[in-house]
Each structure stands twice: as C-alpha cells, then as structure tokens.
Amino acid sequence: MCGIVGYVGDRDATEVLIKGLKRLEYRGYDSAGIALIDGKLIVQKGKGKVINLEKGSKKNNLSGKLGIGHTRWATHGEPNDVNSHPHLSETGKIAVVHNGIIENYNTLKKQLIERGRTFQSQTDTEIIAQLIEEIYTKSKGVTFEQAIRLALKQIVGTYGLAILNIETPDKIYIARKGSPLLLGVGENEMFIASDASPIVEYTNKVVYLDDGEMAIVTRSNYEVKTIDDSPLTKEVHELAISLDAIEKAGYPHFMLKEIFEQPRSIADCMRGRIDVENSSILLGGIEDVIDDLVNAKRIVIAACGTSWHSALVGEYLFEQLAKTPVEVEYASEFRYRDPLIGKGDVLLVISQSGETADTLAALREAQEKGALVLGICNVVGSTISRETDAGVFTHAGPEIGVASTKAFTAQVVVLIMMALELGQRKGLISSDEMKRYIAELSRIPAKVEHILEHSDDTIKKMASLFTYAPNFLYLGRSYSFPVALEGALKLKEISYIHAEGYPAAEMKHGPIALIDEMMPVVVIAATDHTNDKMVSNIEEVKARKGRLIAIINDENTEVKDLADFCVSIPNTIDCFSPLLTVIPLQLLSYYIAVNRGCNVDQPRNLAKSVTVE
Ligand code: G6P
C-alpha cells in the first residue's frame, strides 16, 4: 500500500526512480510523484499511473542525482494532483513521501494552522513536512536530523518515510514505524524502497529497517540509528530474487504469468522439504518448535484476503490429518477483541507480503499474550517473517499481480506439509498412508501443468459467454468451500462482477432466491466424499434454471451430464484438491476481466500490500 523509492549516486535519479515506481506500482497506483535535488528542489507529481509521471518528467527534462518517489493508494484525501506525494513544507524546502497513516494528523494540523501554517492538500502526510520545518526553523541549534526525530515523537500512527531538505542536498533521511523500508547498498550509490523489487537490478545487498529506526543516507554511506538517536549496526542481507522473477516474461499480465508459473512455484515450495523416497517431510523453519506444535491445545490461524482462504483450507487439513483443533480468524477481528489466546496455543499467521497491518497486529497481540507465533510468508525479510517465532516460507517467487494466485497454492502446499508432518509425529498417519500422500503431493505440479495445458481454451470460451454476467455464485463443500470463496474473490477483485462464495448446502438458506436463468453458478465438485451431496445441490440449481459451470474430476460423470459447462481436472486426494480446483477459477476470472477491459494487474481501489488498517 503506497510504494516509496529513493536514490542517490551517479545515475540519472529520475530514471531510477521512475523505473522503481513502475515496479512498485502494484502497491498503489492512483497517483505518483518524485522530488529531486538538482541545485533546487524539484517536484513532479500527479494523479494517475507512473506512465503519466514519466511523460511529465520527460517533458520537463528533469534531472538530478538524488531523489525520492512515491506511488500512492489514497487514504486521506481523494487521488488528485495536490494530494499526490511528495508533499512540501510551506517554504518548499523540505519534501516528504510517506506510506502509512498519521492518526493524530487532525490535531497536529489544527495546531500548525493556529500557529500560522497554510496547507495545500487534504493528506495526513503534509503535516509531517510542515511539522519538521516548524521545529527546524523555530528551535535554535536543532539540526535537521534532530528536527525529524522531534517531529516523529509527536506523530501517532504508522509511517515509512523518505525526506529531502534542500539545505542538505547530499542526504536522504528515512524512518520506519509500521511500514516497510529497506536500503539497497551499491558501490557509491544507495537505493531506498518499500520492497526489494526496485533494487534487485542494481544490487543484491540490502539492509532492512526495523520499526523505530531511521537512517541518513548519502551516496557512499548510510548511518542507521533509533529514532531516539542510538546508533545501530545492521546486518547486510543478500537478496535471493532475480530480475526475471519481477518481469512479465512475454505474458500480457503478471497475473497470467503467475497463474502459469504455478507448476514451478508449487514444486519450489516443496523442494528440499518432501522426500519421496523416504516418505518424509522436513520443514526446517519450524523444526525447533515442532514439539510445541505437536503439543498445542489448538491452533488459531489469522490472515486477510486470499491468505484467509488458505487458512480455511488449513483448518480442514490440521483437523483431518493432525486432529488438532483449529480456529480461523480474520486478523482484523482477532486483534481488536481481546482474544483468548495464551501459553500452550499456537497462532499461525499467513501472509504473502508479510506486511499486512492487521496480520502483523494479530501476531503482536498473540505474542504479548504468550502464544507461540508461527508464520507462513512469501516475502523473505518481510516484517511478519522477522517477527514470528518460527515459520515456513512459501518460496513462490515475487507475486506482482494484485490478485493473489501462486501465493495461495504455495500457502496451501505449506499447510499440507505442516499438517502431514504434525499428523505423522502424532502417530495419526501410518507409513503407508504417508507414502501415498507424499507420492501424490509430488505429482501435483504435473497435474497443475495438465490443467493449464488442457483447460485454458475451454475456459477462454466460457469466459466470453459470461463476460457481462452481473452476478456469480460459487458453491463448494468441504475442501472446495474455501476454493469457492477464493474463486468469488478473484472475480470480484479483477472484473468488478459481484460474486459470492457459499458452502453448497447453505445455498438453501438464502442465495437460492437469487438463482434464475441469468445467474451463472460455479460448482466445485471434485472432492469424492462430498460428490453425492453436490449432485443434489446441482439439481436444485438446475431446477431453477441457473447456468451451471462445474469443476469436476475425471471420474465425475454424473455432474458432467448435468452441467452446462465443465472443466475436468485430474483426480487427486481430496485434501489436496484445492491446489487443482482453484486453477480454472483463477483463469476464468482472468479471462472475464480481460474481456471486460479491466486493468487485471492493478484493479481499481485495491493494493497488493495493505500496510494500513
Ligand atoms: C490484499 C491483496 C490480497 C491479499 C491480502 C492479504 O487485499 O490484494 O491479494 O490476499 O491483501 O495480503 P497478504 O500479503 O497478507 O497475504
């Protein structure tokens, strides 16, 4: 949610910043801007995409060797030119880009206005520039760095900040509380960014800023300290991601690329963790806490969005395979209701980005109450992955499309591996059963590949028939219920069609009233033990003339005969089925959105990484 970049070095800063903003655009895309120091402080910003900013910068021939940039997802103030970042102080000498929310901005703004300051924008960010300037100019002997620290002391809320001051033209000041920031360390050049994607093509050396830290960055040096001015020595990490992973590689959209990457991302997630020969699983990241997990009274899983759907799959898995009671919570609800969690409980948080504000807050809440906190994250080095007691990375590679696809399947793979390992350690899974599970798990990438190869055309055709449907209903039972929710979410997110996912039996308690010949109903009927029940639900839909799209497995001929449209997927063990059934649904939403001319990778109003609550 909002992306920040910064650069100081010998390159053309405009080019580095714009390129970086394009890579960060998935975090927010309603407006963008840059500030450069080139003798004077120059700002170029405006509503719309980074491409508009690029055109404007070229037209105005912007140049400079030091600058900061921002791509915005509006929180305070509508997306327009004035509210775009960077924001300037009243004299125009200080520029600020900000990710996060200043909760006491109204109070601070009123006070600043009373003391004579005038404001241009409706944003919370502008008060940061104004407050720093006020402190800097009015307090004798206060350096600019001290002024930043004093201002941050007055601010309540979250921030990732990059700040320029024309009086210190060789420095970028950055600070973090609640919104990610990292520093890329090059040879006589430094990079700043909200995540590693703008940096990877220049350097693989990064320093992650933690909450309550700031840094003063010049082309040849960086000084990290706490906001209270205690110097820190930070570890320099090596980035493992490559440039290819963050480019479209010939696909028209990142989302399509990421859907098609799933055979590989699922295999990557299992690599080195499942041993087919010995029928065993080894999850190094949770090895040290595995006994606590085995002895846990219950597991609470907290997450948001798509990750919450994989959490639901996790509930079924842990309860079936490991007989551990599970509760699944929306992280946003969990954090605010004084949850009953403590010693002996495990909180498992799931997050692709590792930065989702509510999930992070849930983690901290549970940690404070004495629970063991584990994480499943995709982004290495992310805040959640660093704050959990232990965890498992999904290793799905960077996910850029705002609608999550390969992260979901990788999360489910991790949950399967965790549940199997737990079940085995608890003596609930025999070695023969384990052999069968592991062998089948190792076949999943090939089965996903098969679906992608054989169903793509059918789904494209189906999508063209349903492009203008105003509503969709998705139904599933058991392991297919979370998939129904995920299929509906995908469609909503990128095509703006209203869609709802339901447990198939619940249909009778309301949604059935909506079904008529105009209503497409997607049924996921690929889990063997619920198929008979699904057939009855399908009959109910047909009796009301609903248009039936069915995701079935190869053997399910009964549903095939009833459905108007079918996508057949290879058979698998029921508890692995979400890894296969979700693929046609991802493709269906993708092709419908493309047909409707929607911006698939950057749907309206959404952001990839929701770092504000
Ligand atoms: C946003 C994204 C979703 C994602 C959710 C949770 O809403 O658009 O795709 O599922 O955040 O994000 P996380 O990074 O915590 O999995």
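Reading the values: the criteria
Residues numbered from 1 in each chain as written. Predicted model: local features only at pLDDT ≥ 70, side-chain atom pairs only at ≥ 80, totals over all residues. Heavy atoms only, no water. 1 Å grid on protein atoms, 1.4 Å probe; cavity = no way out; pocket = protein on both sides within 12 Å on 5 of 7 lines; lining within 4 Å. Points joined across faces, edges and corners; volume = space filled by probe spheres on them. Helix = DSSP H or I, 4+ residues; strand = E, 2+ residues; numbered from the N terminus. Nonpolar A, V, L, I, M, F, W, Y, C, P; charged D, E, K, R; others polar. Contact = heavy atoms within 4.5 Å. Near = heavy atom within 4 Å. Polar contact = N/O pair within 3.5 Å; in protein donor to acceptor, adjacent residues only side chain to side chain. Areas by Shrake-Rupley, 256 points an atom, 1.4 Å probe, with all protein chains shown as cover. Sits in = over half its atoms within 2 Å of the grid points. Domains from an automatic or database assignment. Salt bridge = Lys/Arg side-chain N within 4 Å of Asp/Glu carboxyl O. Expected span 1.5 Å × (residues − 1). Buried < 20%, exposed > 50% of the residue type's maximum accessible area, 1.4 Å probe, protein only.

### A short note on empty space enclosed by the protein
Summed over all chains, the structure comprises two cavities of 30 Å³ or more. Size it by volume and the largest cavity reaches roughly 60 Å³. In terms of lining, the largest cavity is formed by 14 residues, of which the most central are Arg72, Thr75, His85, Gly100 and Thr125. Mapped onto the lining of the largest cavity, the elements with two or more residues apiece are β4 (66–72) and β6 (94–99). Looking at the lining of the largest cavity residue by residue, the class counts come to three nonpolar, nine polar and two charged. Considering only enclosed or pocket space, the second largest cavity measures out at about 50 Å³ in volume. Around the second largest cavity, the lining residues are Val5, Gly6, Val16, Leu17, Gly20, Phe191, Ile192, Pro198, Ile199 and Tyr202. Listing elements by their share of the lining of the second largest cavity, those giving two or more residues are β1 (3–8), α1 (13–24) and β10 (190–193). Tallying contributions element by element places α1 first for the lining of the second largest cavity, with three residues. Broken down by class, the residue content of the lining of the second largest cavity amounts to eight nonpolar, two polar and no charged.

### Examining the environment of glycine 69
Within the fold, glycine 69 resides in strand β4. For the pair glycine 69 and isoleucine 34, spaced 35 residues apart in sequence, the C-alpha separation works out to 4.1 Å. Setting aside anything within four residues of it in sequence, one finds glycine 69 in contact with Gly3, Ile4, Val5, Leu17, Leu21, Gly33, Ile34 and Val97.

### Comments concerning the site of the ligand
The environment of the ligand is formed by 14 residues, the closest being Ser307, Ser351, Gln352, Ser353 and Thr356. Between serine 353 and the ligand, the recorded distance is 2.6 Å, taken from a side-chain N or O atom to an oxygen atom. Isolated, the ligand exposes 390 Å² of accessible area, and the fraction of that covered by the protein chains is 91%. Using a 2 Å cut-off from the grid points, one finds that the ligand occupies the second largest pocket. Here the shell around the ligand is composed, by residue class, of four nonpolar, eight polar and two charged.

### Comments concerning the domain arrangement of the protein
Partitioning the protein into structural domains gives domain 1 (3–239), domain 2 (247–429) and domain 3 (446–599). On the domain 2 side, the residues contacting the nine residues of domain 1 number nine residues. Taken together, the links from domain 1 to domain 2 amount to three salt bridges. One salt bridge connects aspartate 210 with arginine 386, and the closest N-O pair in it is separated by 2.5 Å. On the surface where domain 1 and domain 2 come into contact, there are four residue pairs in polar contact (both at pLDDT 80 or more). Looking at side-chain class alone, the side of domain 1 that touches domain 2 contains five nonpolar, no polar and four charged residues.

### Re helix α16 (residues 531–543)
Given a rise of 1.5 Å per residue, 13 residues ought to cover 18 Å, and the 18 Å separating the end C-alpha atoms of α16 matches this to within 8%. Every buried residue of α16 is accounted for by Asn531, Met534, Val535, Asn537, Ile538, Glu540 and Val541. For α16, the elements touching its buried residues are β22 (471–476), β24 (520–525), β25 (547–553) and α17 (557–562). Downstream of α16 by one or two residues, lysine 545 has phi in the positive range, about 70°.

### Remarks on the layout of surface pockets
Looking at the largest pocket, its volume works out to about 790 Å³. Forming the walls of the largest pocket are 41 residues, and the residues nearest its centre are Ile241, Asn378, Val379, Val380 and Pro398. At the level of elements, β14 (237–238) and α7 (262–270) are the ones that each hand at least two residues to the lining of the largest pocket. In terms of residue class, the lining of the largest pocket is made up of 17 nonpolar, twelve polar and twelve charged. Taken as a whole, the second largest pocket spans an internal volume of roughly 520 Å³.

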